[in-house]
Amino acid sequence: DLGKYEYIPRINWSPKENKLILQTLNRHQNHLKYHLVDFSGSKPMVSTFFEEKSQTYVEVDDNLILLKDGKSLLRTSESSGYNHIHRVQFDGKSEQLTKGNWDVMEFLGLDEESGSIFYSAATNGPLHKIIYKLTLSSGTSDRISPEVGWSDAEFTKGFKYFVHSYSTANTP
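Reference entry: report on the structure contained in this document.

Rules of the game
- Residues numbered from 1 in each chain as written.
- Predicted model: local features only at pLDDT ≥ 70, side-chain atom pairs only at ≥ 80, totals over all residues.
- Heavy atoms only, no water.
- Buried < 20%, exposed > 50% of the residue type's maximum accessible area, 1.4 Å probe, protein only.
- Helix = DSSP H or I, 4+ residues; strand = E, 2+ residues; numbered from the N terminus.
- Pairing = 2+ DSSP bridges.
- Polar contact = N/O pair within 3.5 Å; in protein donor to acceptor, adjacent residues only side chain to side chain.
- Contact = heavy atoms within 4.5 Å.
- 1 Å grid on protein atoms, 1.4 Å probe; cavity = no way out; pocket = protein on both sides within 12 Å on 5 of 7 lines; lining within 4 Å.
- Points joined across faces, edges and corners; volume = space filled by probe spheres on them.
- Nonpolar A, V, L, I, M, F, W, Y, C, P; charged D, E, K, R; others polar.
- Patch = residues over 30% accessible without salt bridge, like charges linked within 9 Å, V, L, I, M, F, W, Y side chains within 5 Å.
- Areas by Shrake-Rupley, 256 points an atom, 1.4 Å probe, with all protein chains shown as cover.
- Salt bridge = Lys/Arg side-chain N within 4 Å of Asp/Glu carboxyl O.
- Axes fitted to C-alpha atoms, helices over the stretch in contact; angles between N-to-C directions.

### Quick look at the pairing of strand β11 (residues 130-135)
Counting buried positions along β11 gives five out of six residues, so the element sits mostly inside the fold. Inspection of the sheet shows strand β10 (residues 116-121) paired to β11 by six bridges, in the antiparallel sense. Within the sheet, the bridge partner assigned to Tyr119 lies in β11 and is Tyr132. Pairing between β11 and strand β12 (residues 140-143): four bridges, direction antiparallel. Bridging across to β12, Lys133 finds its partner in Asp142. Counting the residues that bridge the hairpin from β11 to β12 gives four residues, and of these Gly139 lies at a positive phi of roughly 80°.

If you want it as structure tokens, here you go:
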């Protein structure tokens, strides 16, 4: 049972087993639920493993990465007042991976072999887009682009290399 809902904004298959991750949203769009639907038995089993509520609005975006472990996912959320990356496990545990008074602007990729997330963030203000590598085991983020200006990155398969494009007010 998915409970009471008005919208199903996103549906994703788990990379392992016959499981579906389903998001439901109420009419006011301020209560988002994550459901795990398990199709491995003769009848689908549904469980709600995560909820996010807000007084105003919950942002639904495409920043959802299902991890190969088949037990968790990465998502962004503005629940702290800023857009940050969170790991949500299917057992209901949630952990905010990035922290600060700035926004994560974009997921750029995930290298599960090295346990690294690549993302861009406005850590030095909205005029600067900086590329970072977050190591999941240590929880540390390292800057891999200049501190000033607007940076973009296109990664090769395997995340060993990337093409960096960059501009500032003086370097178009």
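### Here's the deal with the side chain of His84
Of note, His84 is situated in strand β7 (residues 84-89). A relative accessible area of 0% means that His84 is categorised as buried. A distance of 2.8 Å separates polar atoms of two side chains, one belonging to His84 and the other to Thr98. If sequence neighbours within four positions are ignored, His84 has contacts with Arg75, Thr76, Ser77, Gln96, Thr98, Lys99, Gly100, Trp102 and Val104.

### Description of empty space enclosed by the protein
Taken as a whole and judged by the stated rule, the model has one cavity of 30 Å³ or more. Here the largest cavity is characterised by a volume of approximately 60 Å³. As for the largest cavity, its lining consists of Gln23, Leu32, Tyr34, Glu59, Val60, Asp61, Asn63, Leu64, Arg75 and Thr76. Of the residues that constitute the lining of the largest cavity, the class distribution is four nonpolar, three polar and three charged.

### Overview of a nonpolar patch on the surface
On the surface, Tyr5, Ile8 and Ile11 cluster together into a nonpolar patch covering about 260 Å² of accessible area. Within the element layout of this structure, Ile11 appears in strand β1 (residues 7-13). By relative accessible area, which is 52% here, Ile11 ends up exposed.

### Quick word on the sheet that holds strand β6 (residues 72-77)
The four strands are arranged β5-β6-β7-β8 in an open sheet whose pairing can be described as antiparallel. On the outer flanks of this sheet lie β5 (64-66) and β8 (94-96), each paired with one strand and no other. Each strand of the sheet is rotated relative to its neighbour by a mean of 20°, with strand direction disregarded. Relative to β6, β5 is paired through three bridges, and the arrangement is antiparallel.

### Looking at unusual backbone geometry
Even without being glycine, Gln29 reaches a positive phi, approximately 60°. Within the element layout of this structure, Gln29 appears in the loop between β2 (19-25) and β3 (31-38). Positioned with a positive phi, Phe159 is a non-glycine residue whose angle comes to about 60°. Looking at the secondary structure, you find Phe159 in the loop between β13 (150-155) and β14 (162-167).

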